[in-house]
Amino acid sequence: NLLDIDDAIKISKFVIKNKKNYNKIFNIINKHFYNPIKIVKIFERVLRIRADYIIVKKKKEKWKMNYGQIHRIVAQAKINFNNNYCEKLIKKYY
């Protein structure tokens, strides 16, 4: 799950300023989960280089995160977790 630090700060500030959010636990996450190969492929496209990696087969683990509780806050903080979020994030920092 990729999340820009700037977006994490925006979400955190919004939660802190909104007093009805007190005494609650929030998972501050992006609604999209990216598999590592997809992230590598986006890096390759953005940086225009070919990555050197080996895929190791391992048992898949399912991470359960509840995006529903933070969805409203993300919308109010005007953060857009669209399909291009990962690529925009990579372009921003690389």
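Residues numbered from 1 in each chain as written. Predicted model: local features only at pLDDT ≥ 70, side-chain atom pairs only at ≥ 80, totals over all residues. Heavy atoms only, no water.

Asker: Explain the packing of helix α1 (residues 5-17) against helix α3 (residues 68-76) residue by residue, including any values.
Answerer: In contact at an axis separation of 10 Å, α1 and α3 are set at 100° when each is read in the N-to-C sense. For the element pair α1 / α3, the angle class is roughly perpendicular. Contacts between α1 and α3 involve Ile11, Phe14 and Val15 on the former and, on the latter, Ile70, Ile73, Val74 and Gln76. When the residues that make up the contact of α1 with α3 are grouped by side-chain class, the tally is 6 nonpolar, 1 polar and no charged. (Axes fitted to C-alpha atoms, helices over the stretch in contact; angles between N-to-C directions. Helix = DSSP H or I, 4+ residues; strand = E, 2+ residues; numbered from the N terminus. Parallel < 35°, antiparallel > 145°, perpendicular 65-115°, else oblique. Contact = heavy atoms within 4.5 Å. Nonpolar A, V, L, I, M, F, W, Y, C, P; charged D, E, K, R; others polar.)

Asker: Lay out α1 in plain terms, naming residues and giving numbers.
Answerer: Compared with the 18 Å implied by 1.5 Å per residue over 13 residues, the 18 Å span of α1 between its first and last C-alpha is a close match. All of the buried residues along α1 are Asp7, Ala8, Ile11 and Val15. All buried residues of α1 fall inside an arc of 100° around its axis, so they share one side. Of the exposed residues in α1, those oriented more than 90 degrees away from the buried face are Ile5, Ile16 and Lys17. Buried residues belonging to α1 abut α3 and α4 (85-93). Two or three places before Asp6, at the opening of α1, Asp4 has a side-chain oxygen 3.0 Å from that residue's backbone nitrogen. (Expected span 1.5 Å × (residues − 1). Buried < 20%, exposed > 50% of the residue type's maximum accessible area, 1.4 Å probe, protein only. Arc of directions from axis to C-beta. Polar contact = N/O pair within 3.5 Å; in protein donor to acceptor, adjacent residues only side chain to side chain.)

Asker: I'd like a description of the layout of surface pockets, backed by residues and values.
Answerer: The calculated volume of the largest pocket comes to roughly 680 Å³. Residue lining of the largest pocket: 17 residues in total, with Tyr34, Asn35, Pro36, Ile37 and Lys60 positioned closest to the centre. Split into classes, the residues belonging to the lining of the largest pocket amount to 11 nonpolar, 2 polar and 4 charged. (1 Å grid on protein atoms, 1.4 Å probe; cavity = no way out; pocket = protein on both sides within 12 Å on 5 of 7 lines; lining within 4 Å. Points joined across faces, edges and corners; volume = space filled by probe spheres on them.)

Asker: Explain the pattern of salt bridges residue by residue, including any values.
Answerer: Counted by the stated rule, this structure contains 5 salt bridges. A salt bridge links Lys92 to Asp4; the nearest nitrogen and oxygen atoms lie 2.7 Å apart. Here Lys92, found in helix α4, pairs with Asp4, found in the segment before α1; they are 88 residues apart in sequence, far enough to count as distant. Assessed through its relative accessible area of 43%, Lys92 is described here as partly exposed. Between Glu44 and Lys41 there is a salt bridge whose closest N-O contact spans 3.6 Å. Of this pair, Glu44 and Lys41 both sit in helix α2 (residues 36-47), 3 residues apart, roughly one helical turn. (Salt bridge = Lys/Arg side-chain N within 4 Å of Asp/Glu carboxyl O.)

Asker: Talk me through the packing of aromatic side chains; I want residue IDs and the actual numbers.
Answerer: Counting across every chain of the model gives 2 aromatic pairs. Relative to Tyr85, the ring of Phe81 lies with its centre 4.9 Å away and its plane at 75°, an arrangement referred to as edge-to-face. Comparing Phe81 with Tyr85 shows no difference in burial state: the two are buried. (Phe/Tyr/Trp six-rings, centres within 6.5 Å; stacked < 30°, edge-to-face > 60°.)

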